[in-house]
Structure formats: C-alpha cells, structure tokens
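Examination of the molecular architecture
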Amino acid sequence: MSFEAMIKKGNTGEFLVEQLLKNLSERLPLRYVKNLLIQDRSRSNYMTYRTQIDFVVLTPKGLVTLEVKNWNSVIERLSDNTWRAILHDGACVPIKSPLNQSKYHAKVLVSNYDIDCYDKVVFIDKSCIVGDSSDLVDLPDLSEYLSGFFTGDPKYSNQDLKDLHFHMVYHGMCQSAH
C-alpha cells in the first residue's frame, strides 16, 4: 500500500469516528477537538516537542483521548509493547504499540491541563487483531463506551469543560472542534 493510500485510509477512519461523535453530541453535551497538536511539557525541550492526538473528547468525568486505527492487515498483539503486522505475503513487520501511543497522549494532556484523562484506542474493525483486544474498542462500541462518561456525578462542570475546550481550540493547534 502506498503512503498516500495509508494516509487516505487513516483519514477515512478519523472521518467515521468524527461522524459518530457528531451524532453522539446530538443527545449528549459532548465537546471534542480533532487532531490536537500539543506541546509535551514533561520534556525539557517542550517548546519544540509536540504530539498530535486524533481526538480529545471532553466529558464530565475528564478528557478521553482517542487514537484511531483503520488497519486492514492482520495485527498480532504479542504484549502491550510488542505488536506486528502480518502482511498479505506473510511477512511480519514490527509496528509501534497504539496502546503506548494512547497512554502517552493522556499523560501529555494531564501535564498540560491537570485534569483526569482516560485513553482508548479505537479500531474501525477490531477483527484484524490477533491476541487480547479487550482494552481496545471497535467503532460500533465507541458510542456506548463514551456514554459511560456522562452518567453519575460529574467531576467537572459544564463551564469548566467549556473553558477548557476554548483554551484547547485557541491556544493549541487543531484541525476542527465541536
């Protein structure tokens, strides 16, 4: 698959997640930021080191980072840190752990905003995963997963979330916000 085709496939996955978030926001007071580019303040060179987060969802219980994967190769999860793609010709290629990436994004948000943060890897089709996938979420299950953050007693007020959303949009760099 060419680099351009991989980018297009990734963008398609993010488009599908954004459609789901827009639909969910019709029944929940959900705000989100897409493709947030944020400085990692935990690094000594934080002024130059940035990371890109696919989605940050603001909920009454804190922030939820969503790392979206739209992979179609067979993906073998050997451990949390060790993943590999099994290509159509049978070759095995090591890949970065999306779990580590997602956890890192949550850590960066906590260091920037001092707010509770949860992380989740969203697979457009989780059936490509060989091995434990219980801590991953399929696109069809994302709505139910996120809805759980809107039940029970809120930790953060609607105004807190509105202010944080404003700060992320106007002081960070993002592709879109809702």
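Residues numbered from 1 in each chain as written. Predicted model: local features only at pLDDT ≥ 70, side-chain atom pairs only at ≥ 80, totals over all residues. Heavy atoms only, no water.

**Some thoughts on the overall build of the chain**
Quick note on the threshold: Helix and strand labels come from DSSP, where a helix needs a run of H or I of at least four residues and a strand needs a run of E of at least two; each type is numbered from the N terminus. When a residue's accessible area, from a 1.4 Å probe over protein chains only, is under 20% of the maximum for its type it is buried; when over 50% it is exposed; and in between it is partly exposed. Pairs of residues are marked as contacts when any of their non-hydrogen atoms sit within 4.5 Å. All accessible-area figures derive from a Shrake-Rupley calculation using a 1.4 Å probe, and residue coverage is judged against the displayed protein chains alone.
Along the chain, the regular secondary structure elements total four helices and ten strands. When the helices and strands of the chain are placed in sequence order, the string is α-β-β-β-β-β-β-α-β-β-β-α-α-β. Burial analysis of the chain (178 residues in total) assigns 44% to the buried set. The contacts of the chain with a sequence gap of at least 6 include a subset with a gap of at least 24, amounting to 62%. On the chain, roughly 9600 Å² of surface is accessible, and the fraction owed to carbon and sulfur atoms is 52%.

**Side note on the pairing of strand E7 (residues 117–123)**
As a reminder of what qualifies: A pair of strands counts as paired when DSSP detects no fewer than two bridges linking them.
Burial runs high along E7: five of the seven residues are buried. Direction of pairing for strand E3 (residues 62–69) relative to E7: parallel, over a ladder of seven bridges. Directly across from Lys-69, in E7, lies its bridge partner Phe-123. Strand direction decides the pairing type here: E7 and strand E9 (residues 136–138), joined by three bridges, are parallel. Residue pairing across strands places Val-122 opposite Val-137, the latter belonging to E9.

**Some thoughts on the packing of aromatic side chains**
Note the threshold: Pairing of aromatic rings covers Phe, Tyr and Trp, the last counted by its six-membered ring, and requires centre-to-centre distances within 6.5 Å; plane angles under 30 degrees mean stacked, over 60 mean edge-to-face, and any other angle means tilted.
Considering all chains together, one arrives at five aromatic pairs under this definition. With a centroid separation of 4.6 Å and an interplanar angle of 40 degrees, the aromatic rings of Phe-166 and Tyr-170 are classed as tilted. Placement of both Phe-166 and Tyr-170 in helix H4 (residues 158–171) is noted, with a separation of four residues, approximately one turn of the helix. Taking the relative accessible area as the measure of exposure, Phe-166 reaches 49% and is therefore partly exposed. For Tyr-170, a relative accessible area of 58% corresponds to the exposed category. Three or more aromatic residues joined by ring pairs form one cluster here, namely Tyr-118, Tyr-145 and Phe-149.

**Considerations on unusual backbone geometry**
Positive phi, close to 55 degrees, is recorded for Asn-35, a residue that is not glycine. Take Asn-35: it is sitting in strand E1 (residues 31–39). The phi angle at Asp-114 is positive, at roughly 50 degrees, despite the residue not being glycine. Counting through the fold element by element, Asp-114 comes out in the loop between helix H2 (98–113) and E7.

**Structural notes on helix H3 (residues 139–147)**
Rules: This arc describes the spread of directions from the helix axis toward the C-beta atoms.
Of all the positions in H3, only Leu-139, Leu-142, Leu-146 and Ser-147 are classed as buried. All buried residues of H3 project into a common sector of 120 degrees when viewed along the axis, lining one side. For H3, exposure combined with an orientation more than 90 degrees from the buried face picks out Pro-140 and Glu-144.

**With respect to the pattern of salt bridges**
Heads up, the rule is: A carboxyl oxygen of Asp or Glu within 4 Å of a side-chain nitrogen of Lys or Arg is what we treat as a salt bridge.
Taken as a whole, this structure holds six salt bridges when the rule is applied. Its salt-bridge partner being Asp-119, residue Lys-103 comes within 4.0 Å of it at the nearest N-O pair. Of this pair, Lys-103 sits in helix H2 while Asp-119 sits in strand E7, and the two are 16 residues apart along the sequence. Residue classification places Lys-103 among the partly exposed positions, given a relative accessible area of 43%.

**What to know about the confidence of the model for the chain**
Condition: The predictor's confidence in any single residue is recorded as pLDDT, a number from 0 to 100.
The predicted model of the chain has a mean per-residue pLDDT of 86, with 87% of residues at 70 or higher. Model confidence for the chain, summarised as mean pLDDT per element, is weakest for strand E10 (residues 176–177) at 64 and strongest for E3 at 95.

**Things to note about the environment of Leu-164**
With respect to the secondary-structure elements, Leu-164 resides in helix H4. It is 9.9 Å that separates the C-alpha atoms of Leu-164 and Ile-115, two residues lying 49 residues apart in sequence. Apart from residues no more than four positions distant in its own chain, Leu-164 is found in contact with Leu-58, Leu-63, Tyr-113 and Ile-115.

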